[in-house]
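Listed below, chain by chain, are the residues.
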Amino acid sequence: MTLTIINLQNPPGISGVYAESVAFPSKGVTLKGTLYKPAEINGLLAAVIVTGAWTTVKEQMAGTYARELAARGLAALAFDFTGWGESGGEPRYVEDPATKTADIDAAVDFLAECNDVDQSHLYGLGICASSGYMAAVAADNDKMKKLALVAPWLHNPKMAADVYGGPETVASLIAASEAGNADLTILTAASTTDDNAPMYQAPYYTETNRGLIPAYDNKFSILTWKPWLTYDAQASANHLSKPTLMVGSPAIALPAGAEAYEQRTQAPLQKLWLGDDVTQFDFYDRADVVTDASNAVAEFFQG
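A short tour of the structure in this document, coming up. In this text the structure is predicted, and so the values were computed from the model without any measurement. Throughout this description, residue numbers start from 1 for each chain and increase along the sequence as written. The model is predicted, so local features are restricted to residues of pLDDT at least 70 and side-chain atom pairs to those at 80 or more, both for listing and for counting; the totals for chains, interfaces and linings are taken over all residues. Calculation of side-chain values draws on the structure's entire complement of heavy atoms; hydrogens and water are dropped beforehand.

Notes on the pattern of salt bridges
Counted as salt bridges are all cases of a side-chain nitrogen of Lys or Arg within 4 Å of a carboxyl oxygen of Asp or Glu. Counted according to the given criterion, the structure contains 16 salt bridges. In this structure, Arg210 and Asp285 form a salt bridge, with 2.7 Å as the shortest nitrogen-oxygen distance. A residue pair is termed long-range when its members are at least 10 positions apart, and Arg210 in the loop between strand S10 (199-200) and strand S11 (219-221) and Asp285 in helix H8 (residues 282-285) qualify at 75 residues. For each residue, the accessible area found with a 1.4 Å probe, counting protein chains only, is set against the maximum for its type, and the residue is called buried under 20%, exposed over 50%, and partly exposed in between. Looking at Asp285, the relative accessible area reads 28%, which means it is partly exposed. The salt bridge partner of Glu262 is Lys271, with a shortest N-O separation of 3.1 Å. Counted as one network, the salt bridges with shared partners bring together Lys58, Glu59, Asp80 and Glu86. Every helix listed is a DSSP run of H or I at least four residues long, and every strand listed is a run of E at least two residues long, numbered separately from the N terminus.

Topic: the side chain of Thr101
Mapped onto the elements, Thr101 comes out in helix H2 (residues 97-112). Within the structure, the side chain of Thr101 is placed 2.7 Å from the backbone oxygen of Pro97, a separation counted as a polar contact. Polar contact criterion, stated in full: a pair of N or O atoms within 3.5 Å, where within protein one must be able to donate a hydrogen and the other to accept it, and residues adjacent in sequence count only if both atoms are side-chain atoms.

A closer look at the environment of Asp217
Mapped onto the elements, Asp217 comes out in the loop between S10 and S11. Owing to a relative accessible area of 18%, Asp217 belongs among the buried residues under this scheme. Taking the C-alpha atoms as reference points, Asp217 and Gly85, 132 residues apart in sequence, are found 6.3 Å from one another. Contacts are assigned to residue pairs that have any heavy atoms within 4.5 Å of one another. Not counting chain neighbours up to four residues away, the residues in contact with Asp217 comprise Val57, Trp84, Gly85 and Tyr93. In terms of polar contacts, Asp217 uses its side chain to reach the backbone amide nitrogen of Gly85, at 2.8 Å.

Considering the nonpolar core
Of all hydrophobic cores here, the largest spans 104 residues; its most connected members are Val50, Leu111, Leu125, Tyr205 and Phe283. Excluding residues within four positions of it along the chain, Tyr205 makes contact with Ala53, Trp54, Thr55, Thr56, Met61, Ala190, Met199, Gly211, Leu212, Tyr216, Phe281 and Tyr284. Working definition of a nonpolar core: buried Ala, Val, Leu, Ile, Met, Phe, Trp, Tyr and Cys residues. They are joined through side-chain atoms within 4.5 Å.

Focus: empty space enclosed by the protein
Note on definitions: the grid is 1 Å and covers protein atoms alone; a cavity is a set of points where a 1.4 Å probe fits but cannot get out; a pocket is an open set with protein on both sides within 12 Å along at least five of seven lines; lining residues have an atom within 4 Å of a point. Grid points are joined across faces, edges and corners, and a volume is the space filled by probe spheres set on the points. Applying the stated criterion across every chain, the model contains one cavity of 30 Å³ or more. As for the largest cavity, its lining consists of Thr51, Gly52, Ala53, Thr56, Val57, Lys58, Ala62, Phe79 and Phe81. Residue composition of the lining of the largest cavity, grouped by class: five nonpolar, three polar and one charged. Classes in brief: Ala, Val, Leu, Ile, Met, Phe, Trp, Tyr, Cys and Pro nonpolar; Asp, Glu, Lys and Arg charged; the others, Gly included, polar.

Below, the structure is given as structure tokens:
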């Protein structure tokens, strides 16, 4: 079912949202996060884990959506994955889907043990690359009851080969990843001048008034290439059964991945597709787009 949202109300102000620094373990590594809560709490809170695009930290789009969801009455956790931001773990700056999926599982366990959280109402919101990780947790972890994906990037190895220059290029990247030294193969993740950056001249990540914030590591280990390019984010569709909301637009970075996942899953799925002018990067911080997406996600979780 595709939802058409008309005359959305302005989002509630976020001045009354409280932020609490938290830490929790994941396979022996201490992860650092921020737990956002609404100013007025009456009883136990439904809670959501929010994760962002690849290479990002909790202060970027994950924190943006976590604050918005807290303003709408949910507890919302944004955290740094193993090897990123303020969290521990080695090697650093590796986009490893298996590690990040395990971290989300650990975050679910952490939220389920919080005294003011209703563990029967735990949800997950994955944005961009982490959509695949969040969907895998929702499919396999009984504690997570609903799943929302915003601007989902859901590739399989064939799609990755198409995106990253074809099978030969992908094979060379994987070979470099396998041969890499974790201490010597760190690239700048996003740059307007360094064409070796995986996100060369990418919007958001290279703009100081958007994603290029002091907290952003802006680093990328080439050890990423093998786990990232061989990852199958489509696989969880086979056994996902939780209610799912997908928010996107025709202009997201990998619409074919979203379409393939939708066709493959038997989970009860709702969709909100915004206009052709809404790009992948707009979902990260464009005020009206974040408002529309946050309203839809909060309504879905609270419905």
